[in-house]
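Working through the structure, step by step
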Amino acid sequence: MARMPGATYRSVVNVHRDGVLERRGLVLHVQDDTGSPYGWFNTPSSRASSDFWVRLDGRIEQYCETGVDYAWAQGAGNPYYASVETEGHPDTPLTPEQVEAVAHIYAWGHSQFGWPLAVVNSATAHGFTYHGVGAAAWGNHTGCPGDVRKAQRTAILARASAILGLSTKVSVSLAHVVDAARRDPAAAQGHTTHRAEALVVEQALGAEGVLSPQWIDGSFGSRTVTAYAALQRRYGYTGDDADGIPGHSSLSRLGAAHGFTVTA
Ligand SMILES: [Zn+2]
């Protein structure tokens, strides 16, 4: 089954029939425009298309037989990955409705093709990747979909996991994160105390727009502490309560927005 239930199927001319070589996963794109790209994708001279397009309100259009035909979205990556275009612009986050819709696309691809529920920043690894990582071979769209939307992939996969009823919900230990926030800043640059859990928190801080992607590295260093303090102030904390060391209520609130739970 190559057509996704719930998506509006609109066949376009710009696809390579029976061209798929591997079904490694999904590539996230940003349209950097609004309105359905159907007409553009159905115009031979545009040389462009995608498997899916997700409107701001969460409606999904599908333009080819995913997993069988490949769309023309990411150059040399086309025969290996499906593609989703998202309405809007790189500097604005996906709407909650878009997050939900892309999660449904990913959950469907997981069931149909075994796409792993993993964020990958790679042009070869299996999972949920993004256009810019393919560099010149993928058309040199290094700004697609932009740092804000790239960082939302973690929350999308957490939601896809929940849709699938899997018990792979991400959880983070408050004690571990506090330990990392106390030890990493004074240690050597890039030192990691609880790498996996720090990374989950940093990805959420990135999606909130308070931490630059270059510091999302699993080390809860001084930049991450500063970013967390900015989040605490945004949540209304002041003084010592906004010192950048996570507390249970702020971390739980961040987790609720970005797909992780908090344990002691
Ligand atoms: Zn793109």
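Only a predicted model underlies this, so the values are computations on that prediction, with no experimental measurement involved.

Remarks on the overall build of the protein chain
Summing up its helical and strand segments, the protein chain has eight helices and 10 strands in all. On C-alpha atoms alone, the protein chain measures out to a radius of gyration of 19 Å, which is about the 18 Å that the 2.2 N^0.38 rule sets for 264 residues. Per-residue burial for the protein chain yields a buried fraction of 50% across its 264 residues. Pairs at least 24 residues apart make up 68% of the contacts formed inside the protein chain by residues separated by at least 6 positions. The protein chain carries 20 positive and 24 negative side-chain charges, and their two centres are separated by 2 Å.

A closer look at the environment of tyrosine 38
Within the secondary structure, tyrosine 38 sits in helix 1 (residues 38-41). Using a relative accessible area of 23% as the deciding quantity, one classes tyrosine 38 as partly exposed.

Here we look at the domain arrangement of the protein chain
Annotation of the protein chain at the domain level lists domain 1 (8-163) and domain 2 (170-263). Taking only C-alpha atoms, the centre of domain 1 and the centre of domain 2 are 29 Å apart. Listed per partner, the contact involves five residues of domain 1 and six residues of domain 2. Roughly 540 Å² of surface becomes buried between domain 1 and domain 2 when both sides are summed, with 66% attributable to carbon and sulfur atoms. Counting across the interface, domain 1 meets domain 2 through zero salt bridges. Where domain 1 packs against domain 2, one counts one residue pair in polar contact (both at pLDDT 80 or more).

Regarding the pairing of strand 10 (residues 260-263)
Because side chains alternate across strand 10, one face comprises the buried residues Phe260 and Val262, and the other comprises Thr261 and Thr263, none of which is buried. Bridge analysis of strand 9 (residues 170-173) against strand 10 gives four bridges, and the strand direction is parallel. Among the inter-strand pairings, valine 172 is bridged to a residue of strand 10, identified as valine 262.

Concerning the packing of aromatic side chains
Under the definition given, this model contains nine aromatic pairs. Taking the centre distance of 5.5 Å and the plane angle of 65° together, the rings of tyrosine 81 and tryptophan 138 count as edge-to-face. Separated by 57 residues along the polypeptide, tyrosine 81 in strand 7 (residues 81-86) and tryptophan 138 in the loop between strand 8 (127-130) and helix 3 (147-150) bring together distant segments of the chain. Of the two residues, tyrosine 81 and tryptophan 138, both sit in the buried class.

Digging into the environment of proline 79
Within the secondary structure layout, proline 79 lies in the loop between strand 6 (70-71) and strand 7. Distance in space between the C-alpha atoms of proline 79 and aspartate 69 is 8.3 Å, their sequence separation being 10 residues. Once you skip the residues sitting within four places of it in the chain, proline 79 turns out to touch Gly19, Val20, Leu21, Glu22 and Tyr70.

A closer look at the pattern of salt bridges
In this structure the tally under the stated criterion is nine salt bridges. One salt bridge in this structure joins glutamate 100 and arginine 159, with 2.7 Å as the shortest N-O distance. One end of the pair, glutamate 100, is in helix 2 (residues 96-113); the other, arginine 159, is in helix 4 (residues 153-163), with 59 residues separating them in the sequence. On the accessibility criterion, glutamate 100 (28% relative accessible area) is partly exposed. With a relative accessible area of 33%, arginine 159 lands in the partly exposed category.

About the cut-offs
- Residues numbered from 1 in each chain as written.
- Predicted model: local features only at pLDDT ≥ 70, side-chain atom pairs only at ≥ 80, totals over all residues.
- Heavy atoms only, no water.
- Helix = DSSP H or I, 4+ residues; strand = E, 2+ residues; numbered from the N terminus.
- Rg over C-alpha atoms; globule rule 2.2 N^0.38 Å.
- Buried < 20%, exposed > 50% of the residue type's maximum accessible area, 1.4 Å probe, protein only.
- Contact = heavy atoms within 4.5 Å.
- Lys, Arg positive; Asp, Glu negative; His and termini not counted.
- Charge placed at Lys NZ, Arg CZ, Asp CG, Glu CD.
- Domains from an automatic or database assignment.
- Buried area = accessible area lost by both parts, 1.4 Å probe.
- Salt bridge = Lys/Arg side-chain N within 4 Å of Asp/Glu carboxyl O.
- Polar contact = N/O pair within 3.5 Å; in protein donor to acceptor, adjacent residues only side chain to side chain.
- Pairing = 2+ DSSP bridges.
- Phe/Tyr/Trp six-rings, centres within 6.5 Å; stacked < 30°, edge-to-face > 60°.

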